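Residue-level structural notes
For reference, the chains in residue letters:
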Amino acid sequence: MKILLSWSSGKDSAWALHILNQQYPGAVAELLTTVNEAMDRVAMYGVRRSVLEAQARAAGLPLHVVHIPHPCPNEIYEAQMRAAVADACDRGFTHAAFGDLFLEDVRRYREDRLAGSGLEPLFPVWGIPTGQLARDMVDGGLKARLACVDTRSLDARFIGREFDRALLDELPDAVDPCGERGEFHSCVYGGPMFSHPLALDTGATHTVAPYVWCDLIDGA
């Protein structure tokens, strides 16, 4: 068993790595991330490539970066991902894992695209009630900050905040505790999936309506 893990830089993929390490010790062999080639940042999350690379080092895993243009038409995204999947199969990977939680359409999309590819999909954190999951993450030692906020769902004052019990208690009832509907995205800097925490510094805040994102910097 050789697992390729889809890595967003956020808490859900990090916790998926933690669970996989417990269930299949040593089987996760690489992290796969899409990076906006114009900005050299994780797509959607706005996390710097340097932070992404520091996360991979802390996880003790190689990083496979798929570069996508900005904006990125769906046909280009799918072509790039097909190439990444074919490459993984050529290198002996047997499974692709994702940190999806409950969005059925997203899961079906991944399953459909992997059908017949040679990679079997895994969803290690799927179906766990997100209120419970969020608290399990915090209590389990995961350290993360909110890197991006959709201000249509969550006030911009949450940007850069620690993902902790205080934040969870303050989230509006309509916001999923794990931000699974895109209300917010996070950047992980510590936890049981890492050999050491990252020294994450907080830089400037930027707005590209309706999103606000925080420039997080690897301070090592």
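Above this note sits the structure.
Residues numbered from 1 in each chain as written. Predicted model: local features only at pLDDT ≥ 70, side-chain atom pairs only at ≥ 80, totals over all residues. Heavy atoms only, no water.

1. Observations concerning the overall build of the chain
The cut-off we apply is this: Helix and strand assignments come from DSSP, with helices taken as H or I runs of at least 4 residues and strands as E runs of at least 2, each series counted from the N terminus. Note on classification: 1.4 Å probe, protein chains only; a residue is buried when its accessible area is under 20% of the maximum for its type, exposed when over 50%, partly exposed between these limits. Only heavy atoms matter for contacts: two residues are in contact if any of them lie within 4.5 Å across the pair. Residue-level accessible areas treat just the shown protein chains as cover; the underlying method is Shrake-Rupley with a 1.4 Å probe. When charges are counted, Lys and Arg contribute as positive and Asp and Glu as negative, whereas His and the chain ends are disregarded. A single reference atom marks each charge: NZ on Lys, CZ on Arg, CG on Asp, CD on Glu.
Helices and strands together make up the secondary structure of the chain, namely six helices and ten strands. C-alpha extents for the chain along the principal axes are approximately 45 × 35 × 35 Å. Looking at the chain residue by residue over its 220 residues, the buried ones come to 48%. The contacts of the chain with a sequence gap of at least 6 include a subset with a gap of at least 24, amounting to 69%. Accessible surface for the chain amounts to roughly 10000 Å². Of this, 50% is attributable to carbon and sulfur atoms. A distance of 2 Å separates the average location of the 20 positive side-chain charges in the chain from that of its 30 negative side-chain charges.

2. Examining the side chain of R41
Using the following cut-off: Distance and chemistry together define a polar contact, namely a pair of N or O atoms within 3.5 Å, with one atom able to donate a hydrogen and the other to accept it when in protein, and with adjacent residues in sequence counting only for side-chain atoms on both sides.
Along the polypeptide, R41 turns up in strand β3 (residues 41–42). Only 2.9 Å separates the side chain of R41 from the side chain of D215, close enough to count as a polar contact.

3. A closer look at helix α2 (residues 49–59)
When α2 is considered as a whole, its buried residues turn out to be V51, L52, A54, Q55, A56, A58 and A59. At the exit of α2 stands G60, carrying a positive phi of roughly 70 degrees.

4. With respect to the state of the cysteines
Every disulfide links exactly two cysteines, by a covalent bond between their sulfur atoms. The criterion, for reference: Cysteine sulfur atoms that pair up within 2.5 Å are treated as a disulfide.
Using the criterion set out here, one finds zero disulfides in the structure. Among the cysteines around C72, which has no disulfide bond, C148 carries the closest sulfur, lying 17 Å off.

5. Here we look at the environment of S117
Summarising the element assignment, S117 is placed in the loop between α4 (104–114) and β6 (120–122). When its relative accessible area of 25% is taken as the criterion, S117 is described as partly exposed. As for S117 and C89, which are separated by 28 residues in sequence, their C-alpha atoms are 7.9 Å apart. In contact with S117, not counting residues within four places along its chain, are V85 and C89. Within the structure, the side chain of S117 is placed 2.7 Å from the backbone oxygen of L114, a separation counted as a polar contact. A distance of 3.1 Å separates a polar side-chain atom of S117 from the backbone nitrogen of L119.

6. Focus: the pairing of strand β9 (residues 200–208)
Let me state the cut-off plainly: Pairing between two strands requires that DSSP report at least two bridges joining them.
Pairing of β9 with strand β10 (residues 211–218) involves seven bridges; the strand directions are antiparallel. Across the sheet, H206 pairs through a bridge with W213, a residue of β10.

7. Brief notes about the sheet that holds strand β7 (residues 143–150)
Backbone hydrogen bonds are what pair the strands of a sheet, in a parallel or an antiparallel way. Note the threshold: Under this scheme, a helix contributes an axis fitted over its contacting stretch, all axes are lines through C-alpha atoms, and angles between N-to-C directions fall in the 0 to 180 degree range.
Sheet architecture is open: four strands sit in the order β8-β7-β10-β9, paired in antiparallel fashion. Looking at strand neighbours, the two that pair on one side only are β8 (184–190) and β9, the edges of this open sheet. Averaged over all pairs of adjacent strands, the angle between their axes in this sheet comes to 25 degrees, without regard to strand direction. Summarising the sheet, β7 and β10 pair through three bridges and their orientation is antiparallel. Note that in β10 the partner of D150 across the bridge is Y211. Here α2 sits on the sheet and contacts β8, β9 and β10; the angle it forms with β10, its principal contact strand, is near 55 degrees.

All we've got here are geometric facts, nothing functional implied.
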